[in-house]
Amino acid sequence: MATPPLLFLLGGRLGAPVVWIRSTVASVGASQTVAAAESKKDALLGGLLLPGFDEQTCASRYQSVYYRKNLTRQPSPYLIKRLRDQEALQRRCGPGTEPYARASERLRSGQTGAVDNDDDGGGCRYLVLISYRGLGNRMLAITSAFLYALLTRRVLLVDRGYGNTLPDLFCEPFPGTTWALPLDFPLDKEFRDLDETAPESYGNVAVNRSGSVSGMRFVYLHLDHAASQANRLVYCDDDESFLRRMQWAILRTDQYMVPGLFFNPTHQGELDRLFPRKDSVFYLLSRYLLHPTNDVWGMVTRYYNAYLSGADERLGIQIRVLFGGDKPAQHVLDQILACTSRERLLPGVVTTQGPAPAPPLPAAAGARARRRSKAVLVTGLSGWYHDSIREMYWESPAADGEVVSLFQPSHEEHQLWYQNKHDMKAAAEIYLLSLTDNIVTSAWSTFGYVGYALGGLRPYLMFLPENQTAPDPPCTRAMSMEPCSHGAPSFECTRKEIGTIINTGLLLPHVRACEDISWGLKLTDPDEV
Ligand code: GDP
């Protein structure tokens, strides 16, 4: 893989003015600032990306293609068209425009938020995403919210989060505008405390008050993974209801809403046209939307070029111990080794009885037989698993003579909330995981989901350990590269009987129960299963 030259590290921050340079529209692939040696690579990802963004402020947008394999799923022409429509909408109605100023004023002054036809309110309606929880959760939420905005023709505005960390993590995705919720947003911090008991919550209005919108300034969509069934009825909204009329929708979600959107008959036709391959939703949308800032991209590329690029093969192991505290757990190490051995991802080691035989003399330079090398990227909060596996290959030779090297960029020990450096390391590690050839991930972890889904990898998913014991089997090959949704609807949208919980996974051939969480749902391509 070619190594792109180092680029200038300029701030490319969310909320900073985007430089929209038409003069570079011609061909990003042929640009001097990206690796000319690989000019065949399609830096615009089959039309997913627009040319013309300033390459200096967000190097990853056009550079990441040089670190990745070619796209394994192509964007449909209809997806490309709808992305361009969405960009135009974001520019026409986004912060700094006249329609945005009017819509904000309406919200500030407490006027009713209902707009009765498409021209009312300048034809601009908004979806504000509240950012919370860990980075994997937030990346799933942003990607799902974007698809929801696209389907419902709303402008997506992303809250920067309590610690304002978002601008340090991702570049602006839309040309000529910002997706960052302005700091003077009229609801101020108050909106971050909304929960499902709020009078504006969809569940309250749709179920308890039969759709009356009188006096409502906005509608609140509570789609946290643990949302009540009443609030999950948003997934079944049929476009006729009050929701479409409300100019402002505030969304709280920490999870991957996309499988739930497939249940809505109103969206099904559109989703089929957007994504003929159902397992490509996160893969394509995340490649379109989530470009690391230069600071994060620098961390990714420095690490990749120093430790991973030279190996014949790269294996990612993502370790997330969700229950039982942050202390090292022997059963988790046992599970990782059982999984990598069973799936032939890592060689075993040769152990001998009695004194070890003398190692061979080093061969003369040049005559040395080249041994296959495998770089193992370990990510996790603890460094103990990495150290233990590395020691195993130091103390004894690998069974098949392979050279196994282990690398772990950081071990933060504990999860921290809304701290920029901590989040940037997490972002860099998620991207590094996505650059591996094979990946082992931990059960229930959105960090792992994003790592494999961004890379278009079908992971080896480890099951959740019970009673401090490694499960048997330790892991399974996932059916698709899509993330799992932990809070999808569990009722049929055509009936909307929220008291009747059914196995929604049986309704659509491309929506299945997740491998690692029985009530979770994920998209898959029926032909792949
Ligand atoms: P989940 O809790 O496993 O679903 O994943 P999230 O990404 O939503 O939240 C976990 C948070 O813990 C991350 O945002 C990081 O702050 C931290 N974290 C967990 N695993 C890692 C890791 O492997 N590397 C780093 N740098 N941080 C991690």
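In the nomenclature of an unreviewed UniProt entry, the protein is known as Fucosyltransferase of Zea mays. The UniProt entry for the protein carries this comment under Sequence similarities (unreviewed entry): "Belongs to the glycosyltransferase 37 family."

A separate point is the environment of F191. Mapped onto the elements, F191 comes out in the loop between α5 (166-169) and α6 (202-208). Residues F191 and L251, spaced 60 residues apart in sequence, show a C-alpha to C-alpha distance of 9.8 Å. Those residues within four positions of F191 in sequence are excluded, and the remaining contacts are V128, I130, D159, L181, F185, I250 and R252.

What follows deals with the confidence of the model for the protein. Mean pLDDT over the protein works out to 86, with 85% of the residues at or above the 70 mark. Segment residues 1-37 is flagged for pLDDT under 50; beyond a separation of four residues in sequence, or across chains, it makes 84 contacts in the model.

P473 follows D472 through a cis peptide bond whose omega is 0°. Turning to its location among the elements, P473 is positioned in the loop between β9 (460-462) and β10 (475-477). Residue R153 is not a glycine yet carries a positive backbone phi of 55°. Considering the arrangement of structural elements, one finds R153 in the loop between α4 (135-152) and β2 (155-158). With a phi angle near 60°, Y418 is a residue other than glycine that sits in the positive phi range. Tracing the backbone shows Y418 in the loop between β7 (403-407) and α15 (420-434).

The next thing to look at is the pattern of salt bridges. One side chain can pair with another of opposite charge once the charged atoms of both are near each other. According to the stated counting rule, one finds 22 salt bridges in the structure shown. Of the charged contacts, one joins D423 and R138 as a salt bridge, the two residues approaching to 2.9 Å between their closest N and O atoms. Taken together, the residues span a long stretch of sequence, with D423 in helix α15 and R138 in helix α4 at a distance of 285 residues. As a salt-bridge pair, E402 and R372 come within 3.8 Å of each other at their nearest N and O atoms.

Another point: the site of the ligand. Around the ligand, the surrounding shell holds 18 residues, and the nearest of these are N137, R320, H422, S445 and T446. In this structure, an oxygen atom belonging to the ligand sits 2.7 Å away from a side-chain N or O atom of R320. In the model, an oxygen atom of the ligand is placed 2.8 Å from a nitrogen or oxygen of the G380 main chain. Contact with the protein chains removes 97% of the 560 Å² of surface that the ligand exposes when unbound. The set of elements that each furnish at least two residues to the shell around the ligand consists of α4, β6 (373-380), α15 and α16 (446-455). When residues of the shell around the ligand are assigned to their parent elements, the largest contribution, four residues, is made by α15. Partitioned by chemical class, the residues of the shell around the ligand number five nonpolar, ten polar and three charged. Residues lining the shell around the ligand come from more than one domain, with at least three contributed by each of domain 1 (77-278) and domain 2 (294-350 + 370-523).

Right, let's talk about the pairing of strand β4 (residues 248-252) for a bit. Across the five residues of β4, five count as buried, placing the element largely inside the fold. The alternating pattern of β4 places W248, I250 and R252 on one face and A249 and L251 on the opposite face, and all of these are buried. Pairing between strand β1 (residues 126-130) and β4: five bridges, direction parallel. Looking across to β4, one finds that Y126 is bridged to W248. Of the pairings in the sheet, the one linking strand β3 (residues 219-222) to β4 comprises four bridges and is parallel in character. Opposite H222, over in β4, you have R252 as the bridge partner.

Of all hydrophobic cores here, the largest spans 106 residues; its most connected members are L147 and L221. Both of domain 1 (77-278) and domain 2 (294-350 + 370-523) provide at least three residues apiece to this core. Sequence-distant contacts of L221, that is, excluding residues within four places in its chain, are made with L127, Y148, Y202, V234, L243, A249, I250, L251 and R252.

Rules used throughout
Residues numbered from 1 in each chain as written. Predicted model: local features only at pLDDT ≥ 70, side-chain atom pairs only at ≥ 80, totals over all residues. Heavy atoms only, no water. UniProt positions renumbered as here; feature names shortened; annotations may be inferred. Helix = DSSP H or I, 4+ residues; strand = E, 2+ residues; numbered from the N terminus. Contact = heavy atoms within 4.5 Å. pLDDT = per-residue confidence, 0-100. Salt bridge = Lys/Arg side-chain N within 4 Å of Asp/Glu carboxyl O. Near = heavy atom within 4 Å. Polar contact = N/O pair within 3.5 Å; in protein donor to acceptor, adjacent residues only side chain to side chain. Areas by Shrake-Rupley, 256 points an atom, 1.4 Å probe, with all protein chains shown as cover. Nonpolar A, V, L, I, M, F, W, Y, C, P; charged D, E, K, R; others polar. Domains from an automatic or database assignment. Buried < 20%, exposed > 50% of the residue type's maximum accessible area, 1.4 Å probe, protein only. Pairing = 2+ DSSP bridges. Core = buried A, V, L, I, M, F, W, Y, C linked by side-chain atoms within 4.5 Å.

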